[in-house]
Amino acid sequence: MTLSVGCPRCATPIARAGELWSCPDHGVVEPLWRPGEASYDAFVEHLGATARFPTYLPWPLSPGWRVTDFAAVGTVDRGRAAMTCVSGTSALDGPVDALVITEEPGTGLGARIAGTRHDDPGVEIGEGPPATRVRIDSKSVPLWPVSTSASTAEWDRSVVAGEADGRWLWMVLRPASALMLLRDDWILRDVSGLGPPLVELPFGGPAPAW
Ligand SMILES: [Zn+2]
């Protein structure tokens with residue numbers, strides 16, 4: 001087992017309470033599964049941890065980009081959230097992290113990673129024109145900007161969110177200026193059932209703090 005267990009909402013260690021997991025700060029929580037370091041073996045474990053839940057990755061990965069982090073929330077039968085991070089370099093922004101989170105409402109992982117105050121993206125979603133769009137299967141998914149001004153987190157990032165397949169879809173770009181990269185119509189692919197092509201993915205490298 002290379003994944004360690006934690007709270008989806010905070011970094012405090014959680015304890016087993018019978019069938020459940022409990023966080024000292026958040027009470028009973030769905031377990032968050034996270035690798036010490038991104039690797040192929042850990043990714044296979046990640047996909048098994050929430051077997052029937054989608055894990056989206058930008059696809060295909062641009063040359064030189066790597067899968068640097070991922071996490072899942074929930075159980076084999078009842079996935080609640082999945083996150084991936086790909087990292088690379090852009091000419092304008094230098095090192096860039098692009099995090100994709102899909103989650104059931106109220107899970108809190110997206111908000112933790114985005115550094116926003118509320119569990120769910122909020123009323124900005126669907127108001128006015130979207131900031132960008134991504135493609136999932138044959139669907140074009142609009143994503144709206146989520147304000148980070150009310151949060152206490154100070155790291156430089158852009159947050160956009162929308163809805164895909166009845167779940168929240170968040171994207172967090174670091175630095176904030178890297179949001180421009182999303183103008184090129186990114187494709188997100190659910191890799192949960194992908195199998196052998198995953199072996200071709202480059203894993204590892206520094207994961208972003210969250
Ligand atoms: Zn917690």
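Parameters at a glance
Residues numbered from 1 in each chain as written. Predicted model: local features only at pLDDT ≥ 70, side-chain atom pairs only at ≥ 80, totals over all residues. Heavy atoms only, no water. Helix = DSSP H or I, 4+ residues; strand = E, 2+ residues; numbered from the N terminus. Polar contact = N/O pair within 3.5 Å; in protein donor to acceptor, adjacent residues only side chain to side chain. Contact = heavy atoms within 4.5 Å. Donors = N, O, S within 2.8 Å, 3.2 Å for Na, K, Ca; no water. Buried < 20%, exposed > 50% of the residue type's maximum accessible area, 1.4 Å probe, protein only. Pairing = 2+ DSSP bridges. pLDDT = per-residue confidence, 0-100. Axes fitted to C-alpha atoms, helices over the stretch in contact; angles between N-to-C directions. Patch = residues over 30% accessible without salt bridge, like charges linked within 9 Å, V, L, I, M, F, W, Y side chains within 5 Å. Areas by Shrake-Rupley, 256 points an atom, 1.4 Å probe, with all protein chains shown as cover. Salt bridge = Lys/Arg side-chain N within 4 Å of Asp/Glu carboxyl O.

*Asks:* With reference to specific residues and values, describe the side chain of Thr55.
*Replies:* Relative to the assigned elements, Thr55 resides in the loop between α1 (40-49) and β6 (56-58). Among the polar contacts made by the side chain of Thr55, one reaches the side chain of His46 at a distance of 3.0 Å. Sequence-distant contacts of Thr55, that is, excluding residues within four places in its chain, are made with Phe43, His46, Leu47, Ala82, Thr84, Arg189, Asp190, Val191 and Ser192.

*Asks:* Quick one: what's the story with the coordination of the zinc ion, residue by residue and with numbers?
*Replies:* Distances from the zinc ion to its protein donors, Cys7 (SG), Cys10 (SG), Cys23 (SG) and His26 (ND1), fall within 2.1 to 2.3 Å. If you list the donors of the zinc ion from N- to C-terminus, the spacing comes out as C-x2-C-x12-C-x2-H.

*Asks:* Any details on the pairing of strand β8 (residues 79-90)? Residues and values, ideally.
*Replies:* Most of β8 is tucked away, with 11 of its 12 residues classed as buried. Direction of pairing for strand β7 (residues 66-74) relative to β8: antiparallel, over a ladder of eight bridges. Bridging from a neighbouring strand, Val67 pairs with Val86 of β8. The turn linking β7 back onto β8 is made up of four residues. Hairpin geometry of β8 and strand β9 (residues 94-103) is characterised by an intervening segment of three residues between the two adjacent antiparallel strands.

*Asks:* Summarise the confidence of the model for the protein; cite the residues concerned and give the values.
*Replies:* Low-pLDDT stretches of the model should not have their predicted coordinates read in fine detail. In this model, the protein carries an average pLDDT of 94, and 100% of its residues clear a pLDDT of 70 or more. Within the protein, no element has a lower average pLDDT than strand β2 (residues 15-17), which sits at 93, and none a higher one than β7, at 98.

*Asks:* Residue-level account of the environment of Ser4, with values.
*Replies:* Tracing the backbone through its elements, the reader meets Ser4 in strand β1 (residues 3-6). Of the residues examined, Ser4 reaches a relative accessible area of 44% and is grouped as partly exposed. The contacts of Ser4, once residues within four sequence positions are left out, are Leu32, Trp33 and Arg34.

*Asks:* Which residues make up the sheet that holds strand β14 (residues 186-190), and what values do they have?
*Replies:* In space, the 11 strands of this open sheet follow the order β1-β5-β7-β8-β9-β13-β12-β11-β10-β14-β6, with mixed pairing throughout. Edge strands, defined here as strands with exactly one partner in the open sheet, are β1 and β6. Direction aside, the axes of adjacent strands within the sheet are offset by 25° on average. Here strand β12 (residues 158-164) pairs with strand β13 (residues 167-174) via seven bridges, running antiparallel. Note on β13: the bridge partner recorded for Ala161 is Trp170. The sheet strands contacting α1 are β1, β5 (32-35), β6, β7 and β8, and the helix crosses β7 at an angle near 25°.

*Asks:* Before we move on, could you go through a nonpolar patch on the surface and cite the residues and values that matter?
*Replies:* A cluster of nonpolar side chains, contributed by Tyr40, Val44 and Val199, occupies part of the molecular surface with about 240 Å² of accessible area. Topologically, Tyr40 is positioned in helix α1.

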